[in-house]
Amino acid sequence: MIIDDDDDDNYLRSSFPEALVVALVCNFSGSRGKSSARLNHWEVETLFHEFGHALHSLLSRTEYQHFSGTRVVLDLAETPSNLFECYAWDYRVLKKFSRHYSTGEVIPEKLVESMQGAKKMFAATDLQRQIFYALIDQTLFGEQLSSQRDTTSVVADLKRQHTSWKHVEGTHWQTRFNHLLNYGAGYYSYLYAKCFAATIWKKVCQEDPLSATTGTALRTKLLQHGGAKDPADLLTDLTGDGILQFRDGGIVPDLTSLCDEMKL
């Protein structure tokens, strides 16, 4: 993605005495040699996800620090990161850097197509899993339970009601799900982000994800505003109609693009 940022470079130099710095500290598998990073695709996707957060901070241009970068309403917080996951699945992007570690061969397009096919094969299962996580979060933090219960029994009941998986007695999966502590009743935002990102990708990025036009649109209409602009106005300005729905007095994501992407 090309970002034409000459004006903002001047703004940065005049407004900030020090250069902006964002660090991604990732727990990736080690490489055998120092000459190249050998990441599997899941790690590449994670890197792109976190890079979306980094760009959200680096490209922010808000008057007040408290509204800069990722300091946005929770409904929108994961949208840039989920959008940049889409880049990690696009062959036009992957061929720019993905090489065989010994031969230098560019990643084959057919291999990427196979990876995309495998992803779509289990897309509904993955969506069910994310909904299950959000239900756990909402139940533990967003509702008043009728009686005192341990978290394991709550998780087991939700699993039986809303998934096709059997609960294994004696397991306590939720104790290692750190988003329960970080997001408290807000994990649903990942589902919102999937919907928003699918629509942005389809309407803004899909035709040419690496063009200056695409990069400029993402920078000026999404990333630079941080939390200083109403999310509904921000998303509509970026994509036009078809990204939001107004329902029961509130605003929810439009599901159309995500369902199209998942073939649902």
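Anything mentioned here points back to the structure above.
Given the structure is predicted, the values throughout are model-derived calculations rather than measurements.

Visitor: Mind laying out the packing of aromatic side chains, listing which residues take part and the relevant values?
Guide: Following the criterion strictly, the structure yields 16 aromatic pairs and no others. Look at Phe 132 and Trp 173: their rings are 6.3 Å apart centre to centre, the planes differ by 25°, and that puts the pair in the stacked class. Of this pair, Phe 132 sits in helix H7 (residues 123-142) while Trp 173 sits in the loop between helix H8 (151-162) and helix H9 (179-183), and the two are 41 residues apart along the sequence. Put simply, the rings of Phe 132, Tyr 133, Trp 165, Trp 173, Phe 177, Tyr 183, Tyr 187 and Tyr 190 pair up and form one aromatic cluster. Of note, Arg 38 hangs over the ring of Tyr 101, and the distance from its end group to the ring centre comes to 3.8 Å.

Visitor: Summarise the layout of surface pockets; cite the residues concerned and give the values.
Guide: In this structure, the largest pocket encloses a volume near 1,800 Å³. In terms of lining, the largest pocket is formed by 46 residues, of which the most central are Glu 45, Glu 85, Trp 89, Asp 126 and Lys 194. Taken together, the elements giving at least two residues each to the lining of the largest pocket come down to helix H2 (41-58), helix H4 (79-87), helix H6 (109-121), H7, helix H10 (188-205) and helix H13 (256-262). Looking at the lining of the largest pocket residue by residue, the class counts come to 21 nonpolar, 10 polar and 15 charged. For the second largest pocket, the calculated volume is near 590 Å³. Sorting elements by how many residues they give to the lining of the second largest pocket places H2 first, with four residues.

Visitor: With reference to specific residues and values, describe empty space enclosed by the protein.
Guide: Overall, the coordinates contain one cavity of 30 Å³ or more when judged by the stated rule. Taken together, Val 155, Lys 159, His 167, Thr 171, His 172, Trp 173 and Gln 174 make up the full set of residues lining the largest cavity. Across the lining of the largest cavity, the residue classes tally to two nonpolar, four polar and one charged.

Visitor: Give me the pairing of strand E1 (residues 244-247): which residues, what numbers.
Guide: Relative to strand E2 (residues 250-253), E1 runs antiparallel, the two sharing four bridges. Looking at E2, one finds that Arg 247 is bridged to Gly 250.

Visitor: Give a description of the side chain of Thr 62 that names residues and reports values.
Guide: With respect to the helices, strands and loops of the structure, Thr 62 is situated in the loop between H2 and helix H3 (74-77). On the basis of relative accessible area, Thr 62 is assigned to the buried category, the value being 14%. Of note is the side chain of Thr 62, whose polar atom sits 3.0 Å from the backbone oxygen of Tyr 64.

Visitor: Outline H4, listing residues and values.
Guide: Most of H4 sits out of view: nine of its nine residues are buried. Within the span of H4, buried status applies to Thr 79, Pro 80, Ser 81, Asn 82, Leu 83, Phe 84, Glu 85, Cys 86 and Tyr 87. Next to the buried residues of H4 lie H2, H3, helix H5 (91-94), H10 and helix H11 (212-221).

Visitor: How would you sum up the nonpolar core? Please name residues and give values.
Guide: Membership of the largest hydrophobic core comes to 30 residues, with the highest contact counts inside it found for Leu 83, Tyr 87, Ile 200, Cys 205, Leu 218, Leu 222 and Leu 235. For this core, the element with the most residues is H10, which contributes seven residues. Membership of the second largest hydrophobic core comes to 19 residues, among which are Val 155, Leu 180, Tyr 187 and Tyr 190.

Visitor: Just give me the short version of the packing of H10 against H11, but keep the residues and values in it.
Guide: Two elements in contact, H10 and H11, have axes whose closest approach is 10 Å; the angle formed by their N-to-C orientations is 135°. The pairing of H10 with H11 is recorded here as oblique in orientation. In contact with Ile 200, Val 204 and Cys 205 of H10, H11 contributes Thr 214, Ala 217 and Leu 218. Split into classes, the residues belonging to the contact of H10 with H11 amount to five nonpolar, one polar and no charged.

Visitor: Describe unusual backbone geometry, with residues and values.
Guide: A positive phi is found at Ala 185, a non-glycine position, where the angle reads about 70°. Structurally, the position occupied by Ala 185 is in the loop between H9 and H10. Taking the relative accessible area as the measure of exposure, Ala 185 reaches 22% and is therefore partly exposed. The phi dihedral of Lys 263 is positive, around 60°, even though this residue is not glycine. Looking at the element boundaries, Lys 263 is found in the segment after H13.

Visitor: How would you sum up the pattern of salt bridges? Please name residues and give values.
Guide: According to the stated counting rule, one finds six salt bridges in the structure shown. With a closest N to O distance of 2.2 Å, Arg 129 and Asp 126 form a salt bridge. Separated by three residues within a single helix, Arg 129 and Asp 126 lie in helix H7, roughly one turn from each other. With its nearest N and O atoms 3.8 Å apart, the salt bridge here joins Lys 194 to Asp 126. Of the two residues, Lys 194 sits in helix H10 while Asp 126 sits in helix H7, which places them 68 residues apart along the sequence. The partly exposed category is assigned to Asp 126, whose relative accessible area is 26%.

About the thresholds
Residues numbered from 1 in each chain as written. Predicted model: local features only at pLDDT ≥ 70, side-chain atom pairs only at ≥ 80, totals over all residues. Heavy atoms only, no water. Phe/Tyr/Trp six-rings, centres within 6.5 Å; stacked < 30°, edge-to-face > 60°. Helix = DSSP H or I, 4+ residues; strand = E, 2+ residues; numbered from the N terminus. Lys NZ or Arg CZ within 6 Å of the ring centre and 35° of its normal. 1 Å grid on protein atoms, 1.4 Å probe; cavity = no way out; pocket = protein on both sides within 12 Å on 5 of 7 lines; lining within 4 Å. Points joined across faces, edges and corners; volume = space filled by probe spheres on them. Nonpolar A, V, L, I, M, F, W, Y, C, P; charged D, E, K, R; others polar. Pairing = 2+ DSSP bridges. Buried < 20%, exposed > 50% of the residue type's maximum accessible area, 1.4 Å probe, protein only. Polar contact = N/O pair within 3.5 Å; in protein donor to acceptor, adjacent residues only side chain to side chain. Contact = heavy atoms within 4.5 Å. Core = buried A, V, L, I, M, F, W, Y, C linked by side-chain atoms within 4.5 Å. Axes fitted to C-alpha atoms, helices over the stretch in contact; angles between N-to-C directions. Parallel < 35°, antiparallel > 145°, perpendicular 65-115°, else oblique. Salt bridge = Lys/Arg side-chain N within 4 Å of Asp/Glu carboxyl O.

Interpretation note: all reported values are geometric properties and have no functional meaning in isolation.
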